[in-house]
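Understanding the architecture of this molecule
One letter stands for each residue in the lines below.
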Amino acid sequence: QGEDVQELLRRAYLCAQRGELRQALALYDRALARSPRRVDALINRGVVRQRLGQLQLARRDLERAYELGSRDPTLFNALGVLYLRLDQPERARKLLERAGTAEAEVNLALLSWQRGELEEVALHLQRAQRLDPYDPYVHFYWYRWWEQRGDARRALQHLALCRQLAEQRGAQELLRRLPPS
């Protein structure tokens, strides 16, 4: 009853990081019941709902955060990813470009990859790496890039760096995606 909203949000975030999405969702629900205009909670619940495949509920949360005035780059990235999943690539692209973060550049690289725009993929990955050279996802996709091009040496360099950075950041979801070392 007297639960602190900030503590609920902290616990929800940690659950989401560990991949405990249902528990995270329940905690975000409780936080938003106490403080329905918390933009950070709406964004994070929207991201969790996306990860659970609840795309329309995610859209409602993320658009509500936007309506409340948030211009957080995390929101633009989350909306961009959502619109990619809803097969609205142009709308997604505009939001991802607006985000201006390493994560959004990685998502723009993936959009370009889907479209076969390989030069654009490399440009987005370079931008992402400049924005955050320690983002393990940037190195994961460089690994995939060089692997597809048959450059095993560069691929393995990025894979090793990706693994190291993912371990440092506790990115369990990414670590599960990596080939065994």
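Provided above is the structure to which this section pertains.
Predicted, not measured: the structure shown is a model, and the values here were computed from it. (Residues numbered from 1 in each chain as written. Predicted model: local features only at pLDDT ≥ 70, side-chain atom pairs only at ≥ 80, totals over all residues. Heavy atoms only, no water.)

Within the protein one finds 11 helices and 0 strands. Listed by position from the N terminus, the elements making up the protein come as α-α-α-α-α-α-α-α-α-α-α. Computed over C-alpha atoms, the radius of gyration of the protein comes to 17 Å, within 12% of the 16 Å expected from 2.2 N^0.38 for 181 residues, which places it in the range of a compact globule. Taken along its principal axes, the extent of the C-alpha atoms in the protein is 55 × 35 × 25 Å. Expressed as a percentage of the 181 residues in the protein, the buried residues total 44%. Of the contacts made within the protein by residues no fewer than 6 positions apart, 45% connect residues no fewer than 24 positions apart. Accessible area for the protein stands at about 9900 Å²; split by element, carbon and sulfur atoms hold 48% of it. Taking the average place of the 31 positive charges on the side chains of the protein and the average place of its 24 negative ones, the gap between the two points comes to 3 Å. (Helix = DSSP H or I, 4+ residues; strand = E, 2+ residues; numbered from the N terminus. Rg over C-alpha atoms; globule rule 2.2 N^0.38 Å. Buried < 20%, exposed > 50% of the residue type's maximum accessible area, 1.4 Å probe, protein only. Contact = heavy atoms within 4.5 Å. Areas by Shrake-Rupley, 256 points an atom, 1.4 Å probe, with all protein chains shown as cover. Lys, Arg positive; Asp, Glu negative; His and termini not counted. Charge placed at Lys NZ, Arg CZ, Asp CG, Glu CD.)

Here we come to unusual backbone geometry. Phi angles above zero are rare outside glycine, and Asp87 is one such case at about 60 degrees. You can see Asp87 is positioned in the loop between α5 (73-85) and α6 (89-99).

This brings us to the packing of aromatic side chains. Scanning the model with the defined rule gives 7 aromatic pairs in all. Between Phe140 and Tyr143, the ring centres sit 6.2 Å apart and the planes meet at 50 degrees, which makes this aromatic pair tilted. You can see Phe140 and its partner Tyr143 sitting in helix α9 (residues 136-148), 3 residues apart, about one turn around the helix. Each member of the pair, Phe140 together with Tyr143, is buried. Ring centres of Trp142 and Trp145 lie 6.3 Å apart, and the angle between their planes is 85 degrees; on these two criteria the pair is classed as edge-to-face. Placement of both Trp142 and Trp145 in helix α9 is noted, with a separation of 3 residues, approximately one turn of the helix. Exposure remark for Trp142: the relative accessible area of 6% places this residue in the buried category. Site record: aromatic cluster; members linked through ring pairs are Trp113, Phe140, Tyr141, Trp142, Tyr143, Trp145 and Trp146. Directly above the ring of Trp146 sits Arg154, whose terminal nitrogen or CZ lies 4.3 Å from the centroid. (Phe/Tyr/Trp six-rings, centres within 6.5 Å; stacked < 30°, edge-to-face > 60°. Lys NZ or Arg CZ within 6 Å of the ring centre and 35° of its normal.)

Here we come to the environment of Glu119. Positionally, Glu119 belongs in helix α8 (residues 118-131). A residue is classified by how much of its surface remains accessible, and Glu119, at 69% relative accessible area, is exposed. A sequence separation of 26 residues divides Glu119 from Arg93, and the C-alpha atoms of the two residues are 16 Å apart.

Inspection of the secondary structure assignment puts Gly116 in the loop between α7 (102-115) and α8. The spatial distance from the C-alpha of Gly116 to the C-alpha of Leu8 is 42 Å, given a sequence separation of 108 residues.

Bringing α9 into the picture now. Here α9 is 13 residues long and its end C-alpha atoms lie 18 Å apart, about the 18 Å a rise of 1.5 Å per residue gives. The secondary structure elements touched by the buried residues of α9 are α7, α8, α10 (152-169) and α11 (172-177). If you check the start of α9, you find a side-chain oxygen 2.8 Å away from the backbone N of Tyr137, and it comes from Asp135. Of the residues flanking the end of α9, it is Gly150, one or two places downstream, whose phi is positive at about 80 degrees. (Expected span 1.5 Å × (residues − 1). Polar contact = N/O pair within 3.5 Å; in protein donor to acceptor, adjacent residues only side chain to side chain.)

Below, the discussion takes up the side chain of Gln50. Residue placement: Gln50 occurs in helix α3 (residues 39-51). On the accessibility criterion, Gln50 (5% relative accessible area) is buried. In this structure the side chain of Gln50 is engaged in a polar contact, spanning 3.0 Å, whose partner is the backbone oxygen of Ala78.

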